[in-house]
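Fold and contact review
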Amino acid sequence: MAESLVQSIVDVCAGNVPQQLIVFIVSMIPVLELRGSILAAGFLKMEFLPAYALAVFGNMLPIPFILLFMEKIFAWMKRNRLKNVAVWFENRAMKRSGQIKKYGRVGLFLFVAVPLPGTGAWTGSLIAALLRMRPKDALPWIFLGVLTAGLAVSLLAFGIIKQVV
C-alpha cells in the first residue's frame with residue numbers, strides 16, 4: 001500500500017516538482033517517512049547520497065516539534081472536540097512503547113533504527129513525548145536511529161547490499 005501511495009505521489013509531482021523536493025516532502029509525511037522517501041528516490045532514479053541526505057533531513061525536521069509540543073497539542077485536542085483522535089493516537093503509540101520503557105534511550109534508538117512498519121521517527125518521537133523523555137535526551141537517539149534506518153533501507157533500495165554480498 002505504501003509503495004503505491006509513494007508511486008502515486010511521484011507520478012503526480014514528477015515533471016512539476018524538483019525530484020529533491022519530492023523526496024524531502026515524502027520524508028516528512030507520517031507513515032511514509034524515511035522509507036517512503038527513499039522509495040520515491042528510487043522511482044525517480046536519484047543517486048544514493050543525495051537521496052539519503054534529503055530523506056534523513058526531511059524525516060528529522062518535524063521531530064523536535066513533536067518532542068516539544070505533542071503533549072500540549074494532545075491536551076488542546078482533548079479540550080476541543082478532538083478527544084477521541086488524541087486518545088486513539090496516544091493508545092496506538094503506547095502499545096508500541098514497551099521497548100522504549102524497558103531500555104530507555106537505547107530502546108528508542110532501536111525502535112527508530114529498525115525499519116519495520118509502525119516504527120520510525122514520528123512514532124518514536126510521539127512515544128518519547130508521551131513518556132516525558134526530555135527532548136535533549138531523545139533527539140540524538142532518534143537522529144541516530146534515522147541515520148541507521150536510512151542507511152539500511154538505502155543500501156537495499158539502491159542495490160548496494162547485493163554488490164557486497
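Quick caveat, the model's predicted, so the values are computed rather than measured.

Here the focus is the layout of surface pockets. Size it by volume and the largest pocket reaches roughly 740 Å³. Lining the largest pocket are 29 residues, with Pro30, Val31, Leu32, Glu33 and Thr123 positioned closest to its centre. Of all the secondary-structure elements, those providing two or more residues to the lining of the largest pocket are helix H1 (2-13), helix H3 (33-43), helix H5 (63-79), helix H6 (83-95), helix H8 (121-130) and helix H9 (135-157). Top element by residues in the lining of the largest pocket is H3. It accounts for five residues. In the lining of the largest pocket, the residues fall into 20 nonpolar, four polar and five charged.

Compared with an ideal rise of 1.5 Å per residue, which puts 17 residues at 24 Å, H5 spans 24 Å between its outermost C-alpha atoms and is within 8% of the ideal. Helix geometry: H5 is bent most strongly at Phe69, by close to 60°. Buried residues of H5: Ile63, Ile66, Leu67, Met70, Phe74 and Met77, and no others. Arg81 occupies a position one or two residues after H5 and carries a positive phi of about 55°.

Turning our attention to the packing of H3 against H9. The axes of two packed helices give the description: the angle between them and the distance between them. Orientation of H3 relative to H9, taken along the N-to-C sense of each, is 30°, at an axis distance of 10 Å. As the angle between them shows, H3 and H9 are arranged roughly parallel. Here H3 runs over H9; the crossing is right-handed. The segment H3 lies against H9, with Leu34, Arg35 and Ile38 engaging Val146, Ala149, Gly150, Val153, Ser154 and Ala157. Residues belonging to the contact of H3 with H9 are distributed by class as follows: six nonpolar, two polar and one charged.

Further remarks concern the packing of helix H4 (residues 48-60) against H9. At a minimum axis distance of 10 Å, the contact between H4 and H9 shows a crossing angle of 145°. Note that H4 runs across H9; the crossing there is right-handed. Here H4 contributes Phe48, Tyr52, Val56, Asn59 and Met60 to the contact with H9, which in turn contributes Leu139, Ile142, Phe143, Val146, Leu147, Gly150, Leu151, Ser154 and Leu155.

With that settled, the discussion passes to the packing of aromatic side chains. As enumerated under the stated definition, the model contains five aromatic pairs in all. An angle of 10° between the planes, with centres 6.0 Å apart, marks the rings of Phe48 and Tyr52 as stacked. On the criterion of helical spacing, the pair formed by Phe48 and Tyr52 is a turn pair, its members being four residues apart in helix H4. Relative accessible area serves as the criterion here: at 23%, Phe48 is assigned to the partly exposed category. Through a chain of ring-to-ring contacts, the aromatic side chains of Phe48, Tyr52 and Phe158 assemble into a single cluster.

In this approach, a probe sized like a water molecule rolls over the atoms, and the result shows the empty space that is left. Enumeration according to the criterion identifies one cavity of 30 Å³ or more in this entry. The computed volume of the largest cavity comes to approximately 50 Å³. Lining the largest cavity are Glu33, Leu34, Arg35, Asn59, Val112, Gly120, Ala121, Gly145, Val146 and Ala149. Going through the elements one at a time, H3 and H9 are the ones with two or more residues in the lining of the largest cavity. Here the residues of the lining of the largest cavity are counted per class, giving five nonpolar, three polar and two charged.

Cut-offs and rules
Residues numbered from 1 in each chain as written. Predicted model: local features only at pLDDT ≥ 70, side-chain atom pairs only at ≥ 80, totals over all residues. Heavy atoms only, no water. 1 Å grid on protein atoms, 1.4 Å probe; cavity = no way out; pocket = protein on both sides within 12 Å on 5 of 7 lines; lining within 4 Å. Points joined across faces, edges and corners; volume = space filled by probe spheres on them. Helix = DSSP H or I, 4+ residues; strand = E, 2+ residues; numbered from the N terminus. Nonpolar A, V, L, I, M, F, W, Y, C, P; charged D, E, K, R; others polar. Expected span 1.5 Å × (residues − 1). Bend = angle between axes of the 7 residues up to and from the residue. Buried < 20%, exposed > 50% of the residue type's maximum accessible area, 1.4 Å probe, protein only. Axes fitted to C-alpha atoms, helices over the stretch in contact; angles between N-to-C directions. Parallel < 35°, antiparallel > 145°, perpendicular 65-115°, else oblique. Left-handed = near helix turned anticlockwise from the far one by under 90°. Contact = heavy atoms within 4.5 Å. Phe/Tyr/Trp six-rings, centres within 6.5 Å; stacked < 30°, edge-to-face > 60°.

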